[in-house]
Amino acid sequence: MALAPLFGVFYIIFSWSFRFNWVPSGKPQFVYFFLDTTLGRTSTIALPLLLGILALFYAFFVIIDDILLILGGGQIAHVGLVATLSVIVCRFKD
């Protein structure tokens, strides 16, 4: 697998390893609710979903990179792709 999902996994491991260090009392404190292992099923379901979404966005950027390679990868291709994605995703009102 590529680096982007590995960074996500590393961040989860980092957050879990520091769960006792965030507050002076020493009680476990999680950065996000979905990293809280005391919630049971909620965190168990949330973590694979988050990894899946991370991999989906990685695949999206790989496809965009392939499109740029097909278009030649020049300045005009980059500006055109950004403009096209902006028109698709953003709402422009006069």
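As shown above, the structure is provided for reference.
These numbers were taken from a predicted model, which means no experiment stands behind them.

Participant: I'd like to hear about the overall build of the protein, residue by residue, with values.
Facilitator: A tally of helices and strands in the protein yields 3 helices and 0 strands. Secondary structure of the protein in N-to-C order comes out as α-α-α. Structurally, the protein occupies a C-alpha span of about 55 × 40 × 25 Å along its principal axes. Within the protein, the proportion of its 94 residues that are buried is 14%. If you take every contact in the protein between residues at least 6 apart in sequence, the share linking residues at least 24 apart comes to 20%. In the structure as shown, the protein presents an accessible area of about 7,600 Å², 73% of it carried by carbon and sulfur atoms. The positive charge centre, built from 5 side chains, and the negative charge centre, built from 4, are 20 Å apart in the protein.

Participant: Describe the environment of Phe 20, and please don't skip the residues or the numbers.
Facilitator: Summarising the element assignment, Phe 20 is placed in the loop between α1 (3–17) and α2 (41–71). Residue classification places Phe 20 among the partly exposed residues on the basis of a relative accessible area of 43%. Linking Phe 20 and Phe 30, residues 10 residues apart in sequence, is a C-alpha distance of 8.4 Å.

Participant: An account of the environment of Leu 54 is needed here, citing residue identities and associated values.
Facilitator: With respect to the helices and strands, the residue Leu 54 is situated in helix α2. For Leu 54, a relative accessible area of 30% translates into the label partly exposed.

Participant: Describe the packing of aromatic side chains, listing the residues and the values that go with them.
Facilitator: Under the criterion given, the structure shown has 2 aromatic pairs. Judged by centre distance (4.6 Å) and plane angle (40°), the rings of Phe 14 and Phe 18 are tilted. Relative accessible area serves as the criterion here: at 30%, Phe 14 is assigned to the partly exposed category. Ring centres of Phe 60 and Phe 61 lie 5.6 Å apart, and the angle between their planes is 65°; on these two criteria the pair is classed as edge-to-face.

Rules used throughout
Residues numbered from 1 in each chain as written. Predicted model: local features only at pLDDT ≥ 70, side-chain atom pairs only at ≥ 80, totals over all residues. Heavy atoms only, no water. Helix = DSSP H or I, 4+ residues; strand = E, 2+ residues; numbered from the N terminus. Buried < 20%, exposed > 50% of the residue type's maximum accessible area, 1.4 Å probe, protein only. Contact = heavy atoms within 4.5 Å. Areas by Shrake-Rupley, 256 points an atom, 1.4 Å probe, with all protein chains shown as cover. Lys, Arg positive; Asp, Glu negative; His and termini not counted. Charge placed at Lys NZ, Arg CZ, Asp CG, Glu CD. Phe/Tyr/Trp six-rings, centres within 6.5 Å; stacked < 30°, edge-to-face > 60°.

Remember, this is a structural readout, not a statement about activity or role.
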